[in-house]
Amino acid sequence: MVPGLTRSTWLRAVAVTAWLALVVTTDARGQARTTLDANPLIGQATAIRQGQNIFRGRCAVCHGIDAKGYRGSDLTSGDWVHGGSDRQVFATITTGVAGTEMPGNTSLSEDEVWMLVAYLRTLSAPGGPVVERGDAPRGEQLFWAAAGANCGRCHMVGGRGGRLGPNLSRIGAARSASALEREIRRPGEVIPIGFETITVTTREGKRIRGLRKNEDTFSVQLMTPSEDILSFMKPDVTVDAEPLRSLMPGYAPERVSDADLHDIVRYLRTLRGK
Amino acid sequence: MRHAVVALVGYAAFTGAVGLAGAQTVTNAQLEKGLADPEAWVNYGGDYGSQRHSPLTQVTPANVDQLATRWAFQTAQLGKFEATPVVVNGVIYITGPNNTAWAIDARTGRQLWSYRRDLPDDMDICCGRVNRGFAVLGNKLYMNTLDAHLLAFDMKTGAVVWDVVIDDYKLGYSATAAPLIVKDKVVVGIAGAEYGIRGFIDAYDAATGKRAWRFWTVPGPGEKGNETWEGDSWKRGGGSTWVTGSYDPALNLIYWGTGNPGPDLYGHDREGDNLYTDSVVALDADSGVIKWHYQFTPHDTHDWDATEVPVLADKVIGGVARKVLLFANRNGFYYTLDRTNGQVLASRPFVKTTWAEKINPDGRPAVRPNTEPTEAGTEVCPDITGGTNFMSPAYNPTTGLLYVTSREVCAVYYGWEQEFVPGEYYFGGAAQRTDRGFGAMRAIDPATGSVRWEFKYHSPSMAGVLSTASGLIFAGDMDGNVMAFEAANGKNLWHFQTGSAIYSAPTTYLLDGRQWLLIPSGTTLYAFALPNRLVPPARTRARPAAAPRR
């Protein structure tokens, strides 16, 4: 394997660019282009197999080996947020999605992108997008109400809300309904970069818990629950990370009923960044 | 004004003297001398033995925390900056991503010339469009290219003197390593084992570019080792050679690490040991004929290329003076070999390693069951990038320790059968890290393979190492720090945040009586030196008490 990083490692590096903060991984070659509106390889067994190989090597790290979504969105739902035509899916793969972790895949050839599209078409649920349950307007109320789920205390939508949790302005484009339900009930399955929980202990014994904004061998930067940003030099403190623990509380059915959950998720699914 | 003229005349006389003393060409004697001439850096690994150990002592454990940037050179080239510079007569020659290159005044960081190759559009490179540096002989520089050519340059102008094809990039061949000069030959390695290539090591006439010999790392029919490949799988067997080897002039042997068999993560189409992949090979420097080999990972299915740098040293082991070869491997094991015959003298994991229990007395790994990649996934340590990788280690003959950038990461490996299409990606699987892992600088005792000390990094690093005779180790990390450690005990003495992940190794040279430290990082080449007036040690120590750092 050549210069140290495998293709899948490279992809992973893209996925964790913010994590590795400083990696420069831009390919000089531009992304693949196509003049075609329809996939010339659609339904071809060899192309689908090659597409599956490319998917598992390059895409699965975020979208999951079953393409049902993990860090990236669910690609089996039939719901194509950035357009479902062959040409639109081609463009999403090659140019990526601005403002998200989806990178432009600059080193794929035109053929390789069409192989991927051919494979993805075998995964989509027949009959188009599934009908989603829940009541979005009621979900929106619950999202913001202090007496409701109060999500807005920590999460921002369209410029309103808190800064502690990830901005949810386009979460409906990034996560499937089932992934959102899981994350509300049991936060911590996927913790985005910059939101991992750490505790810093000073020499005087003061303990400060917050979200890791950055860390290297010599320093750490975090945001406290009161949204203060602090920076510490490591010789002065000890740092304990809780990799699988989110600062977000888990919302059990006693606190958010199944019906309320469906309403909130339905609202979140409407958030497409516009 | 008069003062300025006087100063200029003085400077001209001085540089003239340097020019006469050093001449404008690099001889084989200089290459063999290596870092014994501390004003030059003429071999990829510093010396032919790749120890990356400089005799310079101006920067010491007592004053290293006063190192400061003197200049920075901006390349404007995105991509991983992996090169080791060549330094000759006050000029730095360095390559960048996409076969760019520059000659830079080592005093000021000002550019003397630049070069950029037009690369074909239909080139598929799996793992970064990088280059690891020039080689130098006479008045020529030599560079491998991503489209698998070897170029010779006029050192003074950067003009291409000749351009020869190593192999066909359309079949997946590419070249990223710095060449190795041995006598009148330019020895080069090749990359592309993710595309079903058949690997080799080539030697070219330094004057004309005519190929002198080729050693196939995957033997053909009738050759010894071909029987370790199932059917015709040898034709696409991989075995790249994408990191520069070492040379022992006394034994006249070239030592070179070889890469993974293909497809990387699926082995059922290529049953057998798959020689000479994941090995170190010892080749006669004049003929390219193999004298011995040692295979670290027989029948590899985890992409653990042995394309690390073989470090040559002379050591007493078990009371016997030995010519040894030190090798920290991507597969997680450290090895000390007898470089006259390839015998394993010591071996031990230097990171968490789960695929094998140990290396048996016969040199073969005691492989644990159920560590093969599967469709469902198998968790194995280390990860695909390995316990270490292409980043050069350093060896200090005084401490007797090998300093290795070590990576603690595990992965779930998936493997599946894949049809081979010439020139197309041929990996046979995928791997995903189980967590973010961490890195460390580890000092390994070659007598036993045990780790003497470590300094932990927040993230797994891909940066190389430099050792100096003043008892310092310089290294870098993935979060952008260049760092100095005390060679004896690993105490961190200095760090500087460069702003980008480091993929190269620090280098050092003496110029005008001053010791310089170079580190490529991101789009920048940084040059550090001590200030003209050092803060006296006593005052340095007093400082924190007077003004505590918080």
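Quick caveat: nothing in here was measured; it's all calculated off a predicted structure.

This part covers the overall build of chain B. Scanning chain B for helices and strands turns up three helices and 38 strands. Taking 24 Å as the expected radius of gyration for a compact globule of 550 residues, we find that chain B reaches 23 Å, a close match to that expectation. With 550 residues in all, chain B has 55% of them scored as buried. Restricting the contact set of chain B to residue pairs at least 6 apart, pairs at least 24 apart contribute 59%.

Scanning chain A from terminus to terminus reveals eight helices and seven strands. Relative to its full complement of 274 residues, chain A shows a buried share of 41%.

Residue and element names in this part refer to chain A. Orientation of helix H2 (residues 45–63) relative to helix H4 (residues 110–121), taken along the N-to-C sense of each, is 95°, at an axis distance of 7 Å. One element, H2, and the other, H4, form an angle in the roughly perpendicular class. Across the interface between the two elements, Ala47, Ile48, Gln50, Gly51, Gln52, Ile54 and Phe55 from H2 touch Glu112, Trp114, Met115, Leu116, Ala118 and Tyr119 from H4. When grouped by side-chain class, the residues that make up the contact of H2 with H4 number nine nonpolar, three polar and one charged.

The subject of this paragraph is unusual backbone geometry. A negative phi holds for most residues other than glycine; trans holds for most peptide bonds. Residues and elements named next belong to chain B. Going from Leu275 to Tyr276, the amide bond is cis rather than trans, its omega being -10°. By secondary structure assignment, the location of Tyr276 is in the loop between strand S16 (253–257) and strand S17 (279–284). For the peptide bond that leads from Cys381 to Pro382, omega is 0°, which places it in the cis range. In this structure, Pro382 sits in the loop between strand S25 (378–380) and strand S26 (394–396). A positive phi angle is found at Ala76, which is not glycine, with a value near 60°. Within the secondary structure layout, Ala76 lies in the loop between strand S2 (68–74) and strand S3 (86–88). Look at Ala76 and you get exposed, because 9 C-beta atoms sit within 10 Å. The backbone of Asn89 shows a phi angle near 50°, a positive value even though the residue is not glycine. Exposure remark for Asn89: the 18 C-beta atoms within 10 Å place this residue in the partly exposed category.

Before going further, it helps to spend a moment on the sheet that holds strand S22 (residues 344–349) of chain B. All names here are of chain B. A sheet is described by the order of its strands in space; here four strands give the open sequence S19-S20-S21-S22, paired in antiparallel fashion. The open sheet has two free edges, formed respectively by strand S19 (311–317) and S22, since each of these has just one partner strand. Shown here is a sheet whose adjacent strand axes are inclined to one another by a mean of 25°, direction ignored. Here strand S20 (residues 320–328) runs beside strand S21 (residues 333–338); their pairing, made up of five bridges, is antiparallel. Each bridged residue has a counterpart across the sheet, and for Leu326 the counterpart in S21 is Thr336.

Turning next to the nonpolar core. Membership of the largest hydrophobic core comes to 177 residues, with the highest contact counts inside it found for Val186, Leu283 and Ile473 of chain B. If one sorts the elements of this core by residue count, H4 of chain A sits on top with eight residues.

Attention now moves to H4 of chain A. The periodicity of an α-helix, 3.6 residues per turn, causes residues three or four positions apart to be oriented the same way. Residues and elements named next belong to chain A. The terminal C-alpha atoms of H4, which comprises 12 residues, lie 17 Å apart, in line with the 16 Å expected from a rise of 1.5 Å per residue. Counting buried residues along H4, nine of its 12 residues qualify, which places the element largely inside the surrounding structure. Every buried residue of H4 is accounted for by Glu112, Val113, Trp114, Met115, Leu116, Val117, Ala118, Tyr119 and Leu120. Buried-residue contacts for H4 involve H2 and helix H3 (86–95).

What follows concerns the sheet that holds strand S38 (residues 524–529) of chain B. Residue and element names in this part refer to chain B. With respect to topology, four strands assemble into an open sheet ordered S2-S38-S37-S36, the strand pairing being antiparallel. Only two strands of the sheet have a single partner each, and these edge strands are S2 and strand S36 (507–511). Strand-to-strand twist in this sheet, taken as the mean axis angle between neighbours without regard to direction, amounts to 25°. In this sheet, S38 lies alongside S2 in antiparallel orientation, the contact comprising six bridges. Across the sheet, Ala72 pairs through a bridge with Tyr526, a residue of S38.

Mapped onto the fold, Cys151 of chain A is located in the loop between helix H5 (136–144) and strand S1 (156–157). Along the chain, Cys151 of chain A and Thr76 of chain A lie 75 residues apart, while their C-alpha atoms are 28 Å from each other.

All names here are of chain B. With 93% of its residues at a pLDDT of at least 70, chain B reaches an overall mean of 93. Note that residues 1–22 has pLDDT below 50 and, in this model, five contacts with residues that lie over four places away or in other chains. pLDDT under 50 marks residues 540–550. Its contacts with residues more than four places away, or in other chains, come to three contacts. Taken together, the chains of this predicted complex give a pTM of 0.87 and an interface ipTM of 0.82.

This next bit is on the packing of helix H7 (residues 177–185) of chain A against helix H8 (residues 258–269) of chain A. Helix packing for two helices is described by the angle between their axes and how far apart those axes are. Residues and elements named next belong to chain A. Following both chains from N to C, one finds H7 and H8 inclined at 125°, their axes separated by 10 Å at the closest point. Put simply, H7 runs oblique to H8. Handedness of the crossing formed by H7 with H8: right-handed. Touching Ala177, Leu180, Glu181 and Ile184 of H7 are Leu261, Ile264, Val265, Leu268 and Arg269, all from H8. Partitioned by chemical class, the residues of the contact of H7 with H8 number seven nonpolar, no polar and two charged.

The next point concerns H2 of chain A. All names here are of chain A. With 19 residues, H2 should reach 27 Å at 1.5 Å per residue; the first-to-last C-alpha distance of 22 Å falls well below that figure. Taking the largest bend as the criterion, H2 deviates by roughly 50°, centred on Gly57. At the C-terminal side of H2, Gly64 shows a positive phi close to 90°.

Residue and element names in this part refer to chain B. Locating Asn43 in the fold gives a position in the loop between helix H2 (28–33) and strand S1 (53–54). Sequence separation of Asn43 and Asp479 is 436 residues, and the distance between their C-alpha atoms is 28 Å. With near-sequence residues (within four places) excluded, Asn43 lies in contact with Leu31, Gly34 and Tyr48.

What follows deals with the confidence of the model for chain A. For chain A, per-residue confidence averages 83 on the pLDDT scale, and residues scoring 70 or more make up 86% of the total. Across residues 1–29 of chain A the pLDDT falls below 50, and counting only partners more than four positions away or on other chains, this stretch makes 100 contacts in the model.

Turning next to the pairing of strand S4 (residues 207–215) of chain A. All names here are of chain A. Where strand S3 (residues 196–202) and S4 come together, six bridges link them in antiparallel fashion. Each bridged residue has a counterpart across the sheet, and for Thr199 the counterpart in S4 is Arg209. Between S3 and S4, which pair antiparallel and follow one another directly, the connecting turn spans four residues, one of which, Gly205, has a positive phi of 90°. Connecting S4 to the antiparallel partner strand S5 (residues 219–223) that follows it, the hairpin turn spans three residues.

All names here are of chain B. Locating Asp338 in the fold gives a position in strand S21. Exposure remark for Asp338: the 17 C-beta atoms within 10 Å place this residue in the partly exposed category. Sequence spacing of Asp338 and Ala29 is 309 residues, and the spatial spacing of their C-alpha atoms is 26 Å. Dropping the residues within four chain positions of it, Asp338 is found in contact with Arg322, Lys323, Val324, Gln343 and Leu345.

Now for the pairing of S19 of chain B. All names here are of chain B. Note that S19 and S20 share seven bridges and pair antiparallel. The partner of Val316 across the bridge, within S20, is Ala321. What sits between S19 and S20 in their antiparallel hairpin is a turn of two residues, with Gly318 showing a positive phi close to 60°.

Definitions and limits used
- Residues numbered from 1 in each chain as written.
- Chains lettered and ligands numbered in written order.
- Predicted model: local features only at pLDDT ≥ 70, side-chain atom pairs only at ≥ 80, totals over all residues.
- Helix = DSSP H or I, 4+ residues; strand = E, 2+ residues; numbered from the N terminus.
- Rg over C-alpha atoms; globule rule 2.2 N^0.38 Å.
- Buried ≥ 20, exposed ≤ 12 C-beta atoms within 10 Å, placed from the backbone.
- Contact = placed C-beta atoms within 7 Å.
- Axes fitted to C-alpha atoms, helices over the stretch in contact; angles between N-to-C directions.
- Parallel < 35°, antiparallel > 145°, perpendicular 65-115°, else oblique.
- Nonpolar A, V, L, I, M, F, W, Y, C, P; charged D, E, K, R; others polar.
- Pairing = 2+ DSSP bridges.
- Core = buried A, V, L, I, M, F, W, Y, C linked by C-beta atoms within 7 Å.
- Expected span 1.5 Å × (residues − 1).
- pLDDT = per-residue confidence, 0-100.
- Left-handed = near helix turned anticlockwise from the far one by under 90°.
- Bend = angle between axes of the 7 residues up to and from the residue.

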